[in-house]
Amino acid sequence: MTALLERAASRRPITWTTIVGAILLPVLIGGLLVAALYNPVERLDNVHAAVVNDDEPVQVNGQTVPLGRQLTAGLVEGSDDLPSNLSWTITNDEDAEAGLADGTYSAVITIPKNFSAAATSTAPGKTPEQATIEVTTSPDALVVDDAISAQVTQAAASLLGQSLSKVYLENVFLGFTTLGDQLGTAADGATQLADGARQAADGATSLADGVAQLGTGAGQLSSGATQLSGGARQLASGAGQLSSGAAQAADGLDQWAVGAQTLAGQGRQLAAGLGTIAGQLDQSQFPTISDDVVTAAQQLQARSGEVNAGLSQAADALAQAAASCASSGLPAETCADIAKASTAVNDNLAGAQNLVSNAGTVATGLQQLPQLGPGLQTIADNLTKFSGGVDQLANGATTAAGGVRQLSTGAAGLATGANQLASGASGLASGASQLATGADQASAGASSLAGGVGQVADGTDSLASGLQQAVDQLPSYTDQQAQSLASVVADPVAAKGLDTNLFGASAVPLLAAVALWFGGLGTFVVLRAVTARALSSRRPSVLLALRGFAPAAAIGAVQGILVAGVVQLAADYDWADWSLFAVVAMVAGVAFAAVNQALVALFGGAGRWVSAIIGVLAVATGVVSTVPGVISAVAGLMPTSPAYTGMLAALTTAGGYGAAIAGLVVWALLALIVTTIAVARRRSASARELLAPSPA
C-alpha cells in the first residue's frame, strides 16, 4: 500500500511508521483533551485553597455563636451533591499571603473579624449589617480555578445565610401569636384614637405616595449596581488573564535572550573556524581551468535549447519504443531492458538538461575556485559582526522581559481591585433590592393605614370591631409550625436536574470533532493532495483525485473509530449511543480528509493555514454561547458543524443526527469535486513552464 502513496514536498517513500503516526495524531489529541477536561468535578481536590478565619464569636441570648467556624467547617466538609471537594487548608493571614504569592494556593477565603457580629445584627436592638467574606485568587491560577473557588464559596455562604434567615423568620412567625394578644389590648384603647383619626388618615396617604416613589428609585439603584458588579467581575477575569500571559511572555523573552547569546557564541566559533580554513587554503592546489574550456562550455550553454530539445526527443522516442515493444514481437527480456533504459533516461533527463543549460556558469565557477580563501575570510568577518549584533539583541530582550513582568504585576493588582469593586457593587445591589421590597410593603401598609384611620374616624365602635377581627385573622403558630414554615420561606425555590459537570454534555463531541479535524489536516501534511504524475498521467482527473483521497479516507475512518474508542474508555456511554457516535466519527473522519485534500489541492500550503483557522473556529464557538454572532454564523457553515451536531445527537436527546450525516456526505462530495477541478488545472502547462530550466 505504501508504494501507492506520495509524501508531500518530498520524494522519500511513505513508510508504515508515517501512516501509523498520521492515524494516531487525532487519537493523541482527543485522548489528551478528554482526559484533561472531562468531568473535572471528580478532581476538585487538585485545586488548593486556604481559609483564614479571623472571626470573633459573639454572645446571643447567653450562647456563643461562632459563625466563622461554622462557615469554615462547611467549606472543608463540602457538598453531598459533588463527588469531590477543593483541597482546603485552614491557615493564617501570613501563610495565606505567602501561598498566593508562590502559587501554593489558587484562592484564599478570608472571614473577617466582625463576621459573626454582622450576621447576627438582625436581632432586636441592633443595627442590621450584611456579613461579608473576602475571596482572593492567585494571579497565576488557571482559567476555571477562579470560577470553581467562587462557586464553592458562594454556595457555602448561601447555605449559612439560609440557616440564619430560618432562625430570624421563625422568631417573626412566633411574634404573630404575641401580636394577636397585644392587638386585643389595643382594641380597648380604640376610643382614644377618634380625635386624631382624620389628621392621621391624611398623613398616611402622603406617606404611601412618598414611600412608593422611594421603592421605584431603590429598584433602579439595585439594577444599576448589579450591572456594575457584573462588569467589574469581567474586568477582574480579563486582568487576571493579562497578568498570566505577561508573566509567560517575560519568561519567553528571558529564554530567547539565553538562546541568542548561545547563538552569538556559536557564530564566533564558526567565524574563527572559517578564518582558520581560509588561512590554510593554498590557491596553487586548485586546478587551472583554461579560457578555451570556459568558452566551449558557454557555447554549449548558448545552444542549450537545441541540445535539450534533442535530449527530450531522444527520451520520448525511447519511451515510445518501450511502450510498443510488446506489440512488436521482441522478446520479453529485451522489452524489459528497453523499459528500464527508458526509466533511467527519464529519471536523469532533467539533470542532464540542467547541466547543459548551466554549463557556462559551472565552468566559470570552477575557474574562480582559487578565490575561495579570501571569500571564506570575508564570511568569517561578517559572522563576527553578526554575533555582536545578536548579543545586543539578547541584552534588549532581557530588558524587555523586566518591563513585561512589571505589566504582569500591575494587571494582578487591577484584578484584585476589580474583584473588591464587584463584591461591593453586589452588596449594594442586594441592599437596594431589599430597600425596594420594603418600600413597596411600607407603601401598601401606609395605604391600608389611611383607610383604617378613616374607618376609625367613623366611630370608635367600628374601630374596636375591626381590631377584634384583626385579632381573629392573625395566624397563631406553635414552635414546630413556625420552624417548618421558616425553613420553606428561607429557601422557597429549589432547582432540580442541574448538572454538576462544569463542561456539560457537549464537551466530548466538541473535543472529538476538533481532534478528527486536525487529524485530517495532519494526514495531508504527510501525503500529497494531488499526485506528482498529474501532468504526465493518462488517467481521468477524477481517478487521480480519488487516488489521493482513497488512502486518506481509510486513515480518516480508522481515526474516527479510534477516537470513538478513546471517548468510550473515558466516559463509558451506553453501547447503543456509542455505536451512533462511532458512525458519525468515521463519516466525519472521511469527510474531513476530503475537505483537507481539497484545501491543499486548491490553495497549496495556504490551504493548511485555512484548515487550522477552521479548527480554531470550531473550538472558539463550541466553548461558550457568548461568541459574537458573526463568528457563530461563519462557524455554522464550516464542515466541523455537522460533525459536532451529529456527535451531540448521538450522545444526548438533541436532534439532527440524520441531517448531520447528510451534511458530512455533502461536504465530502463537494470537496472531491473541488479536488478534481484542481487536478484538472494541474494537467496543463504553458510552453514557458515546460522549457524553463529545472532548479539546481
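Note that the coordinates shown come from a computational prediction; the quantities given were computed from them, not determined experimentally. (Residues numbered from 1 in each chain as written. Predicted model: local features only at pLDDT ≥ 70, side-chain atom pairs only at ≥ 80, totals over all residues. Heavy atoms only, no water.)

This brings us to the overall build of the protein. A count of helices and strands for the protein gives 21 helices and six strands. Here the protein holds 696 residues, and the buried ones make up 34% of them. Long-range pairs, those at least 24 residues apart, make up 82% of the contacts in the protein with a sequence separation of at least 6. Of the accessible surface of the protein, which amounts to about 38800 Å², a share of 60% is contributed by carbon and sulfur atoms. (Helix = DSSP H or I, 4+ residues; strand = E, 2+ residues; numbered from the N terminus. Buried < 20%, exposed > 50% of the residue type's maximum accessible area, 1.4 Å probe, protein only. Contact = heavy atoms within 4.5 Å. Areas by Shrake-Rupley, 256 points an atom, 1.4 Å probe, with all protein chains shown as cover.)

Ranked by internal contacts, the top residues of the largest apolar core, which has 34 residues, are Leu516, Tyr573, Phe581, Ala588, Phe592, Met647 and Leu664. Of all elements in the fold, only α14 (507–526), α15 (541–571), α16 (575–603), α19 (640–651) and α20 (657–681) reach the threshold of two or more residues within this core. Take this core: its biggest share by element is twelve residues, from α16. Those residues in contact with Ala588, other than ones at most four positions away along the chain, are Leu516, Ala643, Met647 and Leu664. Counting twelve residues, the second largest nonpolar core, distinct from the first, contains Ala49, Leu67, Leu75 and Ile111. (Core = buried A, V, L, I, M, F, W, Y, C linked by side-chain atoms within 4.5 Å.)

This next bit is on the packing of aromatic side chains. Summed over all chains, the structure comprises two aromatic pairs. Ring plane angle 80° and centroid distance 5.1 Å describe the contact between Trp517 and Phe592, whose orientation is recorded as edge-to-face. One end of the pair, Trp517, is in helix α14; the other, Phe592, is in helix α16, and 75 residues separate them in sequence. In this structure, Trp517 and Phe592 share a single accessibility class: buried. (Phe/Tyr/Trp six-rings, centres within 6.5 Å; stacked < 30°, edge-to-face > 60°.)

Another point: the confidence of the model for the protein. Summing up the model confidence of the protein, the mean pLDDT is 74 and the portion of residues at 70 or higher is 64%. Throughout residues 493–502 the model reports pLDDT below 50, and contacts reaching past four residues in sequence, or to other chains, amount to twelve contacts. (pLDDT = per-residue confidence, 0-100.)

Of all the residues in helix α2 (residues 67–77), the buried ones are Leu67, Gly68, Leu71, Thr72 and Leu75. Taken end-on, α2 shows its buried residues confined to a sector of 140°, consistent with a single buried face. Exposed side of α2, more than 90 degrees from the buried face: Arg69 and Glu77 are the residues found there. (Arc of directions from axis to C-beta.)

Right, let's talk about the pairing of strand β5 (residues 107–111) for a bit. Across the five residues that make up β5, a large majority, five, are buried. Burial of β5 is two-sided: the residues Ala107, Ile109 and Ile111 facing one way and the residues Val108 and Thr110 facing the other way are all buried. The sheet contact formed by β5 and strand β6 (residues 134–137) spans four bridges and is antiparallel. The residue bridging Thr110 from the neighbouring strand is Glu134, located in β6. (Pairing = 2+ DSSP bridges.)

Bringing the side chain of Thr675 into the picture now. Considering the arrangement of structural elements, one finds Thr675 in helix α20. Residue classification places Thr675 among the buried positions, given a relative accessible area of 0%. At a separation of 3.5 Å, a polar atom in the side chain of Thr675 contacts the main-chain amide nitrogen of Ala598. When neighbours within four sequence positions are excluded, Thr675 is seen to be in contact with Ala529, Ala545, Ala594, Gln597, Ala598 and Ala601. (Polar contact = N/O pair within 3.5 Å; in protein donor to acceptor, adjacent residues only side chain to side chain.)

Moving on to a nonpolar patch on the surface. A grouping of Val558, Ile561, Leu562 and Met586 is seen on the molecular surface, where their side chains present a nonpolar patch of about 270 Å² in accessible area. In terms of residues, the nonpolar patch owes the most to one element, α15, which gives three residues. With respect to the element layout, Leu562 can be found in helix α15. (Patch = residues over 30% accessible without salt bridge, like charges linked within 9 Å, V, L, I, M, F, W, Y side chains within 5 Å. Salt bridge = Lys/Arg side-chain N within 4 Å of Asp/Glu carboxyl O.)

With that out of the way, let us pick up the pairing of strand β1 (residues 48–53). Pairing of β1 with strand β4 (residues 87–91), which is carried by five bridges, proceeds in the parallel orientation. If you follow His48 over to β4, its bridge partner there is Ser87. Note that β1 and β5 share five bridges and pair parallel. Paired with Val51 across the bridge in β5 is Ile109.

Moving on: the packing of α15 against α20. At a minimum axis separation of 8 Å, α15 and α20 run at an interaxial angle of 120°. With respect to the hand of their crossing, α15 and α20 are arranged in right-handed fashion. Of the residues in α20, those touching α15 at Ser541, Val542, Leu544, Ala545, Leu546 and Phe549 are Leu672, Thr675, Thr676, Val679 and Ala680. (Axes fitted to C-alpha atoms, helices over the stretch in contact; angles between N-to-C directions. Left-handed = near helix turned anticlockwise from the far one by under 90°.)

Okay, the sheet that holds β6 next. A sheet is described by the order of its strands in space; here four strands give the open sequence β4-β1-β5-β6, paired in mixed fashion. What marks the edges here is a single partner per strand, and that holds for β4 and β6. Neighbour to neighbour, the strand axes of the sheet diverge by 20° on average, direction disregarded. Contacting β1, β4 and β5, α2 crosses the sheet at an angle of about 170° to β1.

This next bit is on α16. The end-to-end C-alpha distance of α16, which contains 29 residues, comes to 41 Å, matching closely the 42 Å that a straight helix rising 1.5 Å per residue would cover. With a side-chain oxygen positioned 3.1 Å from the backbone nitrogen of Ala576, the residue opening α16 is Asp574. (Expected span 1.5 Å × (residues − 1).)

With that settled, consider a negative patch on the surface. A cluster of acidic side chains, namely Asp93, Glu94, Asp95, Glu97 and Asp102, defines a negative patch on the protein surface. Mapped onto the elements of the fold, Asp95 is located in helix α3 (residues 93–102). A relative accessible area of 32% means that Asp95 is categorised as partly exposed. (Lys, Arg positive; Asp, Glu negative; His and termini not counted. Charge placed at Lys NZ, Arg CZ, Asp CG, Glu CD.)

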